[in-house]
Amino acid sequence: MNPRAQSGGRRVRIANGDTPMPCGKWSGPLLLGVVFQVLFVLSAAAEPITLRFSHFLGPTSFFQRDLVEPWARDLEKRTDGRVLVEVLNASSPLGRAENQSTQVKTGVVDIALGLRGAEGSRFMRSSIIELPFAVADAHSGSRALWSLHQRGVISQEYADFKVLALFVHNPGLVHTKDKRVVTPSDLKGLRLRAPNATVAAMLDTLGAVPRFVAHDAIVGAVQSRQLDGVVTNWGTPIEGFNEALPRHTAVPFYASAFFMVMNRQRYEELPPDIRQAIDGISGSGLVGRFGPLWDQWDKPYLDGASAPGQEVIRPDAEVLKAWKDGLKPAADRLIEDLRSRGFLDARDVYNQLVKAPSAP
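Below: a short report on this structure. (Residues numbered from 1 in each chain as written. Predicted model: local features only at pLDDT ≥ 70, side-chain atom pairs only at ≥ 80, totals over all residues. Heavy atoms only, no water.)

**As for the environment of L131**
Put simply, the rule reads: Strands are runs of DSSP state E lasting at least two residues, helices are runs of H or I lasting at least four, and both sets are numbered from the N terminus onward.
Structurally, L131 can be placed in the loop between β3 (111-115) and α4 (138-150). Each C-alpha atom, one on L131 and one on Y350, is 8.0 Å from the other, the two residues being 219 residues apart in sequence.

**Description of the sheet that holds strand β5 (residues 172-176)**
Heads up, the condition is: Only when DSSP finds a minimum of two bridges between them are two strands counted as paired. Fitted lines through C-alpha atoms give the axes, limited to the stretch in contact for helices. The angle between two N-to-C directions lies from 0 to 180 degrees. What makes two residues a contact is simply this: any of their non-hydrogen atoms within 4.5 Å.
Reading across the sheet, the six strands line up as β7-β6-β8-β5-β9-β11 and stay open at both edges, with mixed pairing between neighbours. At either end of the open sheet lies a strand with only one pairing partner, and these are β7 (209-211) and β11 (311-313). Each neighbouring strand pair of the sheet contributes to a mean axis angle of 30 degrees, computed without reference to strand direction. Both strand β6 (residues 191-193) and β7 contribute to a ladder of three bridges, which runs parallel. Each bridged residue has a counterpart across the sheet, and for L192 the counterpart in β7 is P210. Along the sheet face, helix α5 (residues 197-205) touches β6, β7, β8 (229-232) and β9 (247-254) and points at about 115 degrees away from the line of β9.

**Re the packing of α5 against helix α12 (residues 317-340)**
Our working definition: Roughly parallel means an angle under 35 degrees; roughly antiparallel, over 145; roughly perpendicular, 65 to 115; everything else is oblique. The sense of a crossing depends on the near helix, which, turned anticlockwise from the far helix by less than a right angle, makes the crossing left-handed and, turned clockwise, makes it right-handed.
Here α5 crosses α12 at 135 degrees, and the two axes come no closer than 8 Å. When the axes of α5 and α12 are compared, the pair comes out oblique. In the crossing of α5 with α12, the sense of the turn from one axis to the other is right-handed. Touching T198, A201, M202 and T205 of α5 are G326, L327, P329, A330, R333 and L334, all from α12.

**Here's the deal with the environment of W294**
As a reminder of what qualifies: Here a polar contact is recorded for every N or O atom pair within 3.5 Å, except that within protein the pair must consist of a potential hydrogen donor and a potential acceptor, and residues adjacent in sequence are included only if both atoms are side-chain atoms.
Positionally, W294 belongs in helix α11 (residues 290-304). Distance in space between the C-alpha atoms of W294 and D137 is 9.0 Å, their sequence separation being 157 residues. Within the structure, the side chain of W294 is placed 3.2 Å from the backbone oxygen of V168, a separation counted as a polar contact.

**Some words on the sheet that holds strand β4 (residues 161-168)**
Strand order across the open sheet formed by five strands is β2-β1-β3-β10-β4, with mixed pairing between neighbours. Each having just a single partner strand, β2 (83-88) and β4 make up the two edges of the open sheet. The sheet shows a mean angle of 15 degrees between the axes of neighbouring strands, direction not considered. Across six bridges, strand β1 (residues 49-55) lies against β2 in parallel orientation. Opposite I49, over in β2, you have V83 as the bridge partner.

Spelled out as C-alpha cells, the structure:
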C-alpha cells in the first residue's frame, strides 16, 4: 500500500443496510452513535486532498515562482479547493536533487520536479536528448523529448510514475573568464566545470580538464583561478555569473533533461474529476510552456552579456561543423554505452534528433 494513500485525501464510504430498523431502536446511545458516525463521514468527505510536491531549487527560484506554484494554484482552482498542494523545495529535507524520483516512487511525496542527471542511471534512455547538437532550443527540445515518451521510446523507464511533463533547457554553452573560445582546439587545457558526467566526457574528448564543482561555489572557484570557465545554459541562477565569466561561446554543447512525475498509485486512487483536472494542466500543454519559460529565465543573463566588457561569440556554419566533428567521438562512445545497457536503437534515435528541422 502506498503510504500516501492514507493521507487526508482518503474517502470513506459507508454502505447502507437493506433491513430497516424499527423506530423504537433509534434512541439513546445507538442514536447518538449514528449521529457521530454521520458527522465523521461528512467531515471526511469535506476534508481536502493534500498533494505534496517537491523540487530541488530554492523557495525564490524560477522553478518555484513561475512553474511549481502557478501549477499548484491552478490545480486548486480547477478542483474548487478540494485539492491543496504543499510545495517542498531545497530548503526542506525533501529538496535534495538526487532523491526526487525516489521520493515519488516510495510515496514520501506525491509529485516531484527533478533533474535527470542527478538520478544516476534511473532515466538512462532520456539522456539521449543531452548529447551534443540534439537540441536547438528549449521549445523544440522539450517537444522532442516528450515525443520520445509518447512514442514509447523512453516510456518504459517511467513505468512507476504518472508522467506529467518532460522538458529540457535551452542549450548549454561555454563561458570563460579570460580566453576566447572559438574552435574546439581552444578548449585544450582549460579547467571547465561540467554539470554532469556526459558533459565531462565531451570536455575530455576535446582536451579540456573537466571539474565537478558545487553550483554555489562556481564564482568563487573562477575568482580563485581554480576554474577557467564553465559549461552551462544561460538561465543559470548564479549571482555574479556574467561578471565572473564575461566571454560566452554560443555552441549548443548539451541540454539537461528534467521530469515532473507523480506517484502512479496515488494518481489512480484520486476521483476521476480530479485526475481530469491534473491531466488538463499537464502533458503536451505543459511541455509547450517550457520554451517561453526558459527564454524568460535566460533573458537577464543574455541582457547582461551585452554589457561593456562582455562578448558573445557565435560560430558560423563552418566552425559549428568543426564542433560537431570534434564532439562526435564523445557522442559515439556515449551512444555505445547506451546500447550496451539495452537501448539498442540509441544511434538511430540520436541521428533523428540531430537531423530534425529544429536541430542546430
